[in-house]
Amino acid sequence: MELVSIALLILVLVFFGLGIKIVPQSQNFVIERLGRYNRTLEAGLHIIIPVIEAVRHRVDILERQLPTSKISTITLDNVTIGIDLAILFRVVHAEKSVYRINNIDQAILTTVTGVVRSVIGKTDLDGVQSNRRSITEAIEEELRAVTEEWGIVLSRVEVIDVEVDDETRKAMQLQLNAERNRRAVVRQAEGEKEAAQLQADADLYTAQKQAEAKRVLADADAYAVNAVAKAIANGGESAINFEIKKIQAKAIESLGVSESSKIVILPAELMESLSSVASRLVSK
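Being a predicted model, the structure only gives us computed values, none of them experimental. (Residues numbered from 1 in each chain as written. Predicted model: local features only at pLDDT ≥ 70, side-chain atom pairs only at ≥ 80, totals over all residues. Heavy atoms only, no water.)

## A few points about the side chain of glutamate 32
Step number 1: Note on placement: glutamate 32 falls in strand β2 (residues 27–33).
Step number 2: For glutamate 32, a relative accessible area of 12% corresponds to the buried category.
Step number 3: At 3.2 Å, the side chain of glutamate 32 forms a polar contact with the side chain of arginine 56.
Step number 4: Separated by 2.7 Å, the side chains of glutamate 32 and tyrosine 99 make a polar contact. (Helix = DSSP H or I, 4+ residues; strand = E, 2+ residues; numbered from the N terminus. Buried < 20%, exposed > 50% of the residue type's maximum accessible area, 1.4 Å probe, protein only. Polar contact = N/O pair within 3.5 Å; in protein donor to acceptor, adjacent residues only side chain to side chain.)

## A look at the packing of aromatic side chains
Step number 1: Overall, the coordinates contain one aromatic pair when judged by the stated rule.
Step number 2: Taking the centre distance of 5.7 Å and the plane angle of 65° together, the rings of tyrosine 37 and tyrosine 99 count as edge-to-face. Taken together, the residues tyrosine 37 in strand β3 (residues 36–41) and tyrosine 99 in helix α2 (residues 94–99) connect sequence positions 62 residues apart.
Step number 3: Geometry around phenylalanine 29 places arginine 58 over its ring, the cationic atom sitting 4.7 Å from the centre. (Phe/Tyr/Trp six-rings, centres within 6.5 Å; stacked < 30°, edge-to-face > 60°. Lys NZ or Arg CZ within 6 Å of the ring centre and 35° of its normal.)

## Focus: a nonpolar patch on the surface
Step number 1: Together, Val12, Phe15, Phe16, Leu34, Ile49, Val51 and Ile52 line one region of the surface with nonpolar side chains, adding up to about 720 Å² of accessible area.
Step number 2: Within the secondary structure, valine 12 is located in helix α1 (residues 2–19). (Patch = residues over 30% accessible without salt bridge, like charges linked within 9 Å, V, L, I, M, F, W, Y side chains within 5 Å. Areas by Shrake-Rupley, 256 points an atom, 1.4 Å probe, with all protein chains shown as cover. Salt bridge = Lys/Arg side-chain N within 4 Å of Asp/Glu carboxyl O.)

## As for the nonpolar core
Step number 1: One finds Ile81, Ile83, Leu85, Ile108, Val112, Val116 and Ile139 to be the most contacted residues of the largest nonpolar core, which totals 33 residues.
Step number 2: Sorting elements by how many residues they give to this core places helix α3 (residues 104–120) first, with eight residues.
Step number 3: In this structure, isoleucine 108 is in contact with Leu66, Ile87, Phe89, Trp150 and Ile152, ignoring residues within four places of it in sequence.
Step number 4: Core analysis: the next-biggest nonpolar cluster, separate from the first, contains six residues, Val23, Phe29, Leu41 and Val55 among them. (Core = buried A, V, L, I, M, F, W, Y, C linked by side-chain atoms within 4.5 Å. Contact = heavy atoms within 4.5 Å.)

## Overview of the sheet that holds strand β5 (residues 53–60)
Step number 1: On the basis of which strands lie adjacent, the open sheet formed by three strands has the order β3-β2-β5 and antiparallel pairing. At either end of the open sheet lies a strand with only one pairing partner, and these are β3 and β5. Sheet twist, expressed as the average angle between the axes of neighbouring strands with direction ignored, equals 30°.
Step number 2: The pairing of β2 with β3 spans five bridges and is antiparallel. For phenylalanine 29, the partnering residue across the bridge sits in β3 and is leucine 41. (Pairing = 2+ DSSP bridges. Axes fitted to C-alpha atoms, helices over the stretch in contact; angles between N-to-C directions.)

## A word on the pattern of salt bridges
Step number 1: Inspection of every chain in the model, using the stated rule, returns seven salt bridges.
Step number 2: Residue arginine 56 pairs with glutamate 32 through a salt bridge whose shortest N-O separation is 3.2 Å. With arginine 56 in strand β5 and glutamate 32 in strand β2, this pair connects stretches of sequence that are 24 residues apart.
Step number 3: Given a relative accessible area of 49%, arginine 56 falls into the partly exposed group.
Step number 4: As a salt-bridge pair, lysine 70 and aspartate 84 come within 3.2 Å of each other at their nearest N and O atoms. With lysine 70 in strand β7 (residues 70–74) and aspartate 84 in strand β8 (residues 80–91), this pair connects stretches of sequence that are 14 residues apart.
Step number 5: For aspartate 84, a relative accessible area of 13% translates into the label buried.
Step number 6: Salt bridges here are not isolated pairs; linked through shared partners, they connect Arg33, Arg39 and Glu53.

Now the structure itself:
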């Protein structure tokens, strides 16, 4: 009798032991009751009904990345390129991820390939190279509706690399070199234009300053002439004539003492003065 009691006690303990489930933080347990989905257990301690209920799926809910693979596609301008994508996702509804899709990684990769080809097919090569952020946003938007049905959420989609074939790469290099040469020519022309403009400004500035200097000299000469005219008008003519005659006398004196002088030409005014002096001496 005691053996039976002990056996029953052991069975009860085993039964309750099977009903206690501890779910780790990184997983969700999908519970089925008699073969039908019943509920999802999150992290913590839970109790299920043994035999009737069972843990059918243990789903990792940590964020994970799909294996990187090259997606071949054609751009709007008919250039074949290879796109490398980094796709990170996590499960938010464990029951959807196990009941609505068999291989979730392969399903996401297949869907991404179709979406990428659709988006890249609407963009030319230059747009793919220079506007990766917009392409990433378009891919995320296209994938969001599909991934919600599978109980996952895309946490990050990033274009890692864009590869082109050798012929396209050579053509792009030639185009880049031509663009660089064009920019160099434009910059040289702009530099010459700026230098010519600066030289013209300098010449204009010099001409303006020379004109101002001439105007100042002309004003000075006009002022001097005006001053002399005022002096003459105020009775200074005799003084001026006297000064002129003194200058003429000194000039004649310097000519007379010169050894090389043979002929002396006297001014008419001086001759008249000498004649008047001579006539006065004769009359005396």
